[in-house]
Amino acid sequence: MERQFPYKLYLVISEEACYGRDMLWVAEQAVKGGVDLVQIREKNKNYSDFLESSLRLKEMLDSYSVPLIVNDNPVVAVNCNAHGIHVGNSDIPPSEIKKKWPGCNMIGYSVEYMEQLSGTEIEFSDYLGVSPVFSTPTKTDTVTEWGLKGVEQIRTLTDKPLVAIGGINQFNAKQVIQAGADCLAVVSAICAADNPAKAAETLRNLIETA
Ligand SMILES: Cc1ncc(COP(=O)(O)OP(=O)(O)O)c(N)n1
Ligand SMILES: Cc1ncsc1CCOP(=O)(O)O
Ligand SMILES: [Mg+2]
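Here we summarise the structure given alongside this text. Since the structure is predicted, the reported quantities are computational estimates derived from the model, not experimental observations.

**A closer look at the nonpolar core**
With 73 residues, the main nonpolar core has Ile13, Val38, Leu57 and Ile190 as its most contacted residues. Here this core takes six residues from helix α1 (residues 23-33), the largest share from any one element. When neighbours within four sequence positions are excluded, Val38 is seen to be in contact with Tyr10, Leu11, Ile13, Val31, Leu57, Leu61, Val66, Pro67, Leu68 and Ile69.

Spelled out as structure tokens, the structure:
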């Protein structure tokens, strides 16, 4: 069955990950380089700051027709008119998001345990975040490191689009796609790069030629 997921390079961004550079500038450079989906992930901001950043990012992304996904918080997502939301095992589950936000276009759901693949939440999800593929200092409260073998195994168990995340960079991107990922999500490979547009372009080319 053909997987309906047109996105290949997914930027997960926060102000903190941009190390003092303007988050909107970093995101815009990334889009110019080939990012086609963006998630705002602010773990330490209060509601109003999270919403304000999301509204500003959404306005910029709209001008490129790039969808915005909000991490964790459905109220921020609804109030900035985001395209969708990404949730994990400690968040409101996809089935509840579907009930509370009928207009949601995309629900991403993190897979940290193999058992989740036979659970009921998968069917309410539009893509699965394979989380993390490699260990990463960007997120340390993780369960396991799936590795390339894990991506291959998950690929055999579901037809849902797979978004690989965690420690992905220009040196392993091709292998992760070849293992079965449909899309690569990155934080530091773009946000911490000297030239975020070039970093995105390099990753995008690696994905397209994998
Ligand atoms: C694309 C993508 N995949 C996985 C995650 C991780 O989500 P979660 O497990 O809920 O952890 P936090 O990001 O909330 O710390 C993600 N955000 N995006
Ligand atoms: C949000 C998230 N979820 C799983 S790993 C991760 C962080 C990925 O960051 P990086 O691309 O810098 O390894
Ligand atoms: Mg979460």
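That covers the picture; the talk isn't over yet.
**Some thoughts on the site of ligand 1**
Close to ligand 1 lie 17 residues, the nearest being Arg41, Lys43, Asp91, Ser110 and Lys139. Separating an oxygen atom of ligand 1 from a side-chain N or O atom of Asn71 is a distance of 3.2 Å. Where the shell around ligand 1 is concerned, the elements lending two or more residues are β4 (84-87), β6 (127-130) and β7 (162-165). When the residues that make up the shell around ligand 1 are grouped by side-chain class, the tally is five nonpolar, seven polar and five charged.

**Overview of the coordination of the magnesium ion (ligand 3)**
Bound to the magnesium ion (ligand 3) on the protein side are Asp72 (OD) and Asp91 (OD), at distances that span 2.0 to 2.1 Å. You can see Asp72 sitting in the loop between β3 (68-71) and α3 (74-79) and its partner Asp91 sitting in the loop between β4 and α4 (94-100), a full 19 residues away along the chain. Taking the relative accessible area as the measure of exposure, Asp72 reaches 21% and is therefore partly exposed.

Parameters at a glance
As a convention, each chain's residues are numbered from 1 in the sequence order in which they are written. Chains carry letters from A onward and ligands carry numbers from 1 onward, assigned in written order. Per-residue local features are limited, in this predicted model, to residues with pLDDT of at least 70; the limit for side-chain atom pairs, both in listing and counting, is 80 or more; totals at the level of whole chains, interfaces and linings are taken over all residues. Values shown for side chains rest on all heavy atoms present in the structure; no hydrogens or waters enter the calculation. Throughout this description, the term nonpolar core refers to a set of buried Ala, Val, Leu, Ile, Met, Phe, Trp, Tyr and Cys residues connected via side-chain atoms within 4.5 Å. Three exposure classes are used, based on accessible area relative to the maximum for each residue type with a 1.4 Å probe and protein chains only: buried under 20%, partly exposed in between, and exposed over 50%. Put simply, DSSP H or I for four residues or longer makes a helix, DSSP E for two residues or longer makes a strand, and each gets a number counted from the N terminus. Should any heavy atoms of two residues lie within 4.5 Å, those residues are considered in contact. A molecule or strand has a residue near it when one of that residue's heavy atoms lies within 4 Å. Think of a polar contact as two N or O atoms within 3.5 Å of one another; within protein, one of them needs to be a possible hydrogen donor and the other a possible acceptor, and neighboring residues in sequence only count if both atoms come from side chains. In this count, Pro and Cys sit with the nonpolar residues alongside Ala, Val, Leu, Ile, Met, Phe, Trp and Tyr, while Asp, Glu, Lys and Arg are called charged and the others, Gly among them, polar. For Na, K and Ca the donor cut-off is 3.2 Å, while for other metals it is 2.8 Å, and in both cases only N, O and S atoms qualify; water is not among them, so sites may look incomplete.

These results come straight from atomic positions and should not be treated as a statement about function.
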